[in-house]
Amino acid sequence: MTAWTVMLRGIRYRAGRSFVVFLLAVTATTAAVLTPAYSRAAQQSVLTDGLSAASTDATGLTVGAKGTKDSAAYLDLAEIRLAVNAALDQDSLLDQRLDRPVAAIDTEVTYAEAGAKLAYRQDVCAQLALDGACPDNPGEVAVSKRTADAHHLKPGDTISVHLGPPGAGKDKSFKISGLYSPKDADAAYWGRTAYFSAGSDGDGERADSLFSLTEDDLRAEPSATLSTRLEYPLRDERVRLDDVAGLRESLRTLSDKLRGRELEVTTTLPAVLADIDTDQTAIARTAPVIAVPLLLLCWFVLFLLVASLTEERGPEIALAKLRGYPASRAARFGLGEVLLLIAAAVPVGLLAGLGLVELAASALLAPGVDVEVRWPVFAAAGIALAAGVVAALLAARATLARPVLALLRRVPERRGWRAGLAEGVVVALAAASLVAAVGDRASPLALLAPPLLALVLGIAAARLLGLWSAARLRLARRRGRIVPLLSAAQLSRRPGGQRLVVVLTVAVALLSFAATAWDVAARARGDVAEDAVGAERVYTVNAAHPDALEAAVAKADPGKHSMAVVRASQRFDNAPIELLGVQTDRLADVAVWRGHTREQVGGMAARLHPAAAEPLRLGKELTAEVTADALPARPALRLAAIVANPGQPPRTVTLGALAKGTRSYHAALPGCTGDCRLIGLAIGRAAGGSEPFAVTVAVRSLTSDGGPLAPGFDLAGRWQARPSTAGGTVTVRAGAALGVDVSGSDPADAVVEHVDTPDTLPAVLAGGAPTDDARAAAFSLPGFSDQPQPFTVAARADSLPRAGHRAVMFDLDYATRMAERTSSLADNGNLRYEVWAGAGAPADLAARLGAQGVQVLSTESIDGYTGRLARRAPALGLWLYLLAGGAAIVLALGVVLLTAYVGVRARLYELAALRVAGVRSGQLRRAVFREYRALLGLPLVVGLAAGVVGALVMLPGVPLVTVGEPAGSFSYEPALGALPIALGLTVLGLLGAVALVLRLLGRATPLRLKDGAQ
């Protein structure tokens, strides 16, 4: 027979253990392949997910110019397209990853006293629901239905549009071809341009855009400023890891080429890629460190595997030497089967690893990400094969070097001093690594701490198991108890059992650490998502001003399951402070505020909105009945009203010259439609100047549009004098009529204000107060205006929803009223508008807001945010750790089965002899079960404790949600998560292995003693 025939027959003769050897070798190769394949797929997932999560305008490319007649903005779009195409023809990488561009031109125009955009946008009619025809012909435009209703326009009408700056330019007439409403105002097609922004702003009324499909209509006036551009969306599904560096260089090259044509290339793609690089780098650093314990465990298992099999075949190797086989041939005889199985396992393990990564990609990674078969995968498989061969040679060396008589011994050899020295070295290295990891828990080395701790504890547990078994053996021998005697004898004399303890302890520790970390990270991701989003859904919107947003939300969601939120940012002590204006009557039903119950949030909301007077709403005119008993000879005085239109700065409207006696003073209020608010009344010089004067008046009543107002003149504090800056004195007396005494030389008007807000704005404060005393109960800070605003701390919190740990929350309505006393909010670029939606909000809230003229720019949800966090570097690294822990458990179960199969014939012979000697089969089964209970139970408990304790110690310094941000403090609450599931599956696997062992040992019948067969 040839050597191959002998090996194949040996494998077939020992089919059970050969299958276990093959599975262990496959698992080892799979583990080796897993790291490079999964790392590559995870990095691609981060890239794909990051690009798809970014807005189209953030990843896209815009080529164009802005200016008047003499600039490139007046070039034909076809000419710009030819220039860009010529540059892209020389760069196939960038060209193949850009989608078809959208051509656009727009310029600011005015018509019907409203500002708007006159816009050309390629294929715009496909994006509009038109009542009429598309404006294909010169001199035609499409007008929005909303604007048409406001200005009583219809298809076929002619409108006059002013092109160019005010005071210059010219008027041009257009025919209205049709009325439109956008099919989806939030579609990526519209880019970043706000085409639909009807409403009022700081400069007056704003209308939706007028669309024309004739480029020359927009170029009709040379003084008009045009924005001409091609907007190229990025085909993010085509961007692969290998493209990133080339894309950066291509963008620089394209910008340089087009600069000579006075065309500007605008894109934020490099910044988006830079953010993605952070997660990709973290995966590249973390994945190999996670793989190290698993690969070392695989190598150690292969070492034990070959050592056990070679030791079992010791008598056969001895016979081969007695028959004259040389040492090299005896070695081939002893190692041939194992090496053949290890080699055969490599392609199977390679395919299994790639298949496992493909399954992980489809279940966990971004859509469209697949496993990539690249040279690192084959290199890992080759390293696994080489490591297996080296492990086999090292493991078999001791057995093959023994003399024949030592190989024929049936009693296992005692452990030598070399084993103790090796264990001491391992413990010393592990201790050093643990100290280094604890010193910097945020480093990738921290992930090595749990398996190193488990290794030390596994060696200690193996030693303790040997000592305990020897003690139990002596005790059972003295007491004559059969079952403890048999189990303790097996545990104390089997060196393979102590090795099994080490392997199983490390495997369970790897899995329990990974599962605990995953459970903690999953909870942390949910907490971060709730804190970052602040509500079930949050819409970032464009709004004219806070009042307009509140009105739109009230109409879009009458059920009050959503609320308007206005945000701003201020700085104190060179640190940002987030300001959050919320509708307090809806806060408890909408906001997701972690750590606070609905009742607690409702209590805070009530404190943010103390009782105050309702604002005095005005119609189209105002009449005041005022009595002046005496007037100074000089100067002539006038009575005025200070009126605020929503979003616009307050304006002073003269009611008339003050005259002696009781008179009615009247003024029309153009632009007021019921939303104007009376800020206060003013008394001042009719012709200016600074002559001193003194006057006393009594305001008896106020009416608007023929109806009386409720000014509350008889309520103390309802009307207050605005502080004078030049020493003038204003005194207010409450009563049936409001008494006002004015004296002094202040050139400014003397103003008495209607108080419809608290004196100071109550706020919930997160972080220290923005003043010298961080614990102060009051502070001043610019709110929604440029003027400092007084705040009082109504409550404190560790953090505020969607605002973080340094923020101020207050009532939106009161804050808006305070700001509108002195400034305009429509032109405040510091304000950011959002709509927060609770669980009961309409599913089509975005469409409803669009119908109210509020453009939705982006949408976030807690579930979506959590999903994105689950595809970032820390979560993907923990998935790899879970896969590694699962592979480690499979290896450990294989070692359990291998331990049972190795020497099984001799074990069956011993058990058969014991049965013949009178030991009952039930006692033998109990002895075997007790043996495996100790052999598997001890490492299960120690490994579980090592993994969980290691996780609780190390995780506070390890980033679990985002790169560079350690978890910090956290609480682990047991729940049905990864840890109990992993523990349950491990226990089931171990019980299954024990059941197989008991079934295997059930074949120990007296027939095995026939002819001394072993």
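Note that the structure is predicted; figures quoted are calculated from it, not measured.

**Student:** I would appreciate a short explanation of the overall build of the protein in the present structure.
**Tutor:** Across its full length, the protein carries 27 helices and 33 strands. Taken across its 1014 residues, the protein has 50% of its residues classed as buried. Once local pairs closer than 6 in sequence are excluded, the contacts in the protein between residues at least 24 apart make up 79%. Of the roughly 44200 Å² of accessible surface on the protein, a fraction of 57% belongs to carbon and sulfur atoms.

**Student:** Looking at this structure, how should I read the sheet that holds strand β30 (residues 788–797)?
**Tutor:** What links the strands of a sheet is backbone hydrogen bonding, and the strands pair in either a parallel or an antiparallel sense. Strand order in the open sheet formed by 9 strands is β29-β30-β28-β31-β15-β14-β32-β13-β33, and the pairing between neighbours is mixed. The open sheet is flanked by β29 (778–782) and β33 (855–861), the only strands paired with a single partner. When strand polarity is set aside, the average angle formed by the axes of neighbouring strands in this sheet is 35°. Relative to strand β14 (residues 562–572), helix α18 (residues 546–556) is tilted by about 155°, and along the sheet it contacts β13 (537–542), β14 and β32 (832–837). Lying over the sheet, helix α20 (residues 598–608) contacts β28 (761–766), β30 and β31 (807–811), oriented at roughly 140° with respect to β28.

**Student:** Could you clarify how one ought to interpret the nonpolar core in this entry?
**Tutor:** The tendency in soluble globular proteins is for nonpolar side chains to be buried as a group. Within the largest apolar cluster, 79 residues are counted, with the highest numbers of intra-cluster contacts made by Leu51, Val143, Ile159 and Leu210. Val143 has contacts with Tyr111, Ala148, Leu153, Ile159, Ile176, Gly178, Leu179, Tyr180 and Leu210, leaving out every residue within four places of it along the chain. One finds Leu24, Val503, Ala875 and Ala993 within the second-largest nonpolar core, a separate group that totals 69 residues.

**Student:** Please explain the state of the cysteines as it appears in this structure.
**Tutor:** Here, disulfide denotes a covalent bond that connects the sulfur atoms of two cysteines. The tally for this structure, following the rule as stated, stands at 2 disulfides. Here Cys125 connects covalently by a disulfide to Cys134, the sulfurs 1.7 Å from one another. When the S-S torsion is 80°, as for the bridge of Cys125 with Cys134, the disulfide is right-handed. Take Cys125 and Cys134: they sit in the same class, and that class is buried. Once the bonded cysteines of the protein are numbered in order along the sequence, the disulfide links fall as 1-2, 3-4.

**Student:** Can you walk me through empty space enclosed by the protein in this structure?
**Tutor:** Taking a probe equal in size to a water molecule and rolling it over the atoms shows the remaining empty space. Evaluated as defined, the whole model comprises 6 cavities of 30 Å³ or more. Considering only enclosed or pocket space, the second largest cavity measures out at about 50 Å³ in volume. Every residue along the wall of the second largest cavity is listed here: Val508, Leu511, Ser512, Leu940, Leu944, Leu979, Ala982, Leu983 and Thr986. Elements that contribute at least two residues to the lining of the second largest cavity include exactly α17 (495–533), α26 (921–954) and α27 (978–1001). The biggest single contributor to the lining of the second largest cavity is α27, with 4 residues.

**Student:** Explanation requested: the side chain of Thr48 in the structure shown.
**Tutor:** You can see Thr48 is positioned in helix α2 (residues 15–53). Residue classification places Thr48 among the buried residues on the basis of a relative accessible area of 9%. Every residue in contact with Thr48, bar those within four places of it in the chain, is listed here: Ala366, Pro367 and Val369.

**Student:** How should helix α4 (residues 77–88) be read in this particular structure?
**Tutor:** Three or four residues apart is the spacing at which side chains of an α-helix point the same way, because the helix has 3.6 residues per turn. With 12 residues, α4 extends 16 Å between its outermost C-alpha atoms, agreeing within 8% with the 16 Å of an ideal straight helix rising 1.5 Å per residue. Residues of α4 that are buried include every one of Leu77, Ile80, Ala83, Val84, Ala87 and Leu88, and no others. Relative to the axis of α4, the buried residues are bounded by an arc of 135° and lie together on one face.

**Student:** I'm lost on the packing of α4 against helix α8 (residues 244–259) in this one. Help?
**Tutor:** Between two packed helices, both the angle of their axes relative to each other and the distance between the axes serve to describe the pair. Remark: α4 packs on α8, axes separated minimally by 10 Å, with the N-to-C direction vectors making an angle of 140°. In terms of orientation, α4 and α8 fall into the oblique class. As for the relative orientation of α4 and α8, their crossing is right-handed in sense. Here α4 contributes Ala83, Val84, Ala87 and Leu88 to the contact with α8, which in turn contributes Leu254, Lys257 and Leu258. For the contact of α4 with α8, a count of residues per class yields 6 nonpolar, no polar and 1 charged.

**Student:** Mind showing me how you'd approach the pattern of salt bridges here?
**Tutor:** Opposite charge on two side chains allows them to pair when their charged atoms are near. By the definition in use, this model includes 38 salt bridges. For Asp49, the salt bridge identified is with Arg871, shortest N-O distance 2.8 Å. Pair noted here: Asp49 is in helix α2 and Arg871 is in the loop between α23 (862–869) and α24 (873–901), with a separation of 822 residues, a long-range link. Notably, a salt bridge pairs Asp589 with Arg598, separated by 2.3 Å at the nearest N-O pair. In this structure Arg598 comes out as partly exposed when scored by relative accessible area, which is 49%.

**Student:** Would you mind going over the packing of aromatic side chains with me for this structure?
**Tutor:** The geometry of an aromatic ring pair is captured by the separation of the ring centres together with the interplanar angle, meaning the angle of the planes. For the coordinates displayed, the defined rule picks out 15 aromatic pairs. Considering the side-chain rings of Trp190 and Phe211, the 5.9 Å spacing of their centres and the 40° angle between planes classify their relative orientation as tilted. Linking Trp190 in the loop between β7 (170–182) and β8 (199–201) with Phe211 in strand β10 (residues 210–211), this pair joins segments that are 21 residues apart in sequence. In terms of burial, Trp190 and Phe211 fall into one category: buried. Note on Phe513 and Tyr881: the rings are 5.3 Å apart at their centroids and 50° apart in plane angle, and the pair reads as tilted. Linking Phe513 in helix α17 with Tyr881 in helix α24, this pair joins segments that are 368 residues apart in sequence. Taken individually, Phe513 and Tyr881 each receive the classification buried, so the pair is uniform in this respect. The ring of Trp518 carries the charged tip of Arg525 above its face, separated from the ring centre by 4.5 Å.

**Student:** Looking at this structure, how should I read the pairing of strand β1 (residues 61–67)?
**Tutor:** For a regular strand, side-chain orientation follows a simple rule: the groups alternate between the two sheet faces. Of all 7 residues making up β1, 5 are buried, and the element is well covered by its neighbours. Bridge count between β1 and strand β11 (residues 226–232): 7 bridges; the pairing is antiparallel. Considered in β11, the bridge of Ala65 is made with Thr228.

What counts, and at which threshold
Residues numbered from 1 in each chain as written. Predicted model: local features only at pLDDT ≥ 70, side-chain atom pairs only at ≥ 80, totals over all residues. Heavy atoms only, no water. Helix = DSSP H or I, 4+ residues; strand = E, 2+ residues; numbered from the N terminus. Buried < 20%, exposed > 50% of the residue type's maximum accessible area, 1.4 Å probe, protein only. Contact = heavy atoms within 4.5 Å. Areas by Shrake-Rupley, 256 points an atom, 1.4 Å probe, with all protein chains shown as cover. Pairing = 2+ DSSP bridges. Axes fitted to C-alpha atoms, helices over the stretch in contact; angles between N-to-C directions. Core = buried A, V, L, I, M, F, W, Y, C linked by side-chain atoms within 4.5 Å. Disulfide = S-S within 2.5 Å. 1 Å grid on protein atoms, 1.4 Å probe; cavity = no way out; pocket = protein on both sides within 12 Å on 5 of 7 lines; lining within 4 Å. Points joined across faces, edges and corners; volume = space filled by probe spheres on them. Expected span 1.5 Å × (residues − 1). Arc of directions from axis to C-beta. Parallel < 35°, antiparallel > 145°, perpendicular 65-115°, else oblique. Left-handed = near helix turned anticlockwise from the far one by under 90°. Nonpolar A, V, L, I, M, F, W, Y, C, P; charged D, E, K, R; others polar. Salt bridge = Lys/Arg side-chain N within 4 Å of Asp/Glu carboxyl O. Phe/Tyr/Trp six-rings, centres within 6.5 Å; stacked < 30°, edge-to-face > 60°. Lys NZ or Arg CZ within 6 Å of the ring centre and 35° of its normal.

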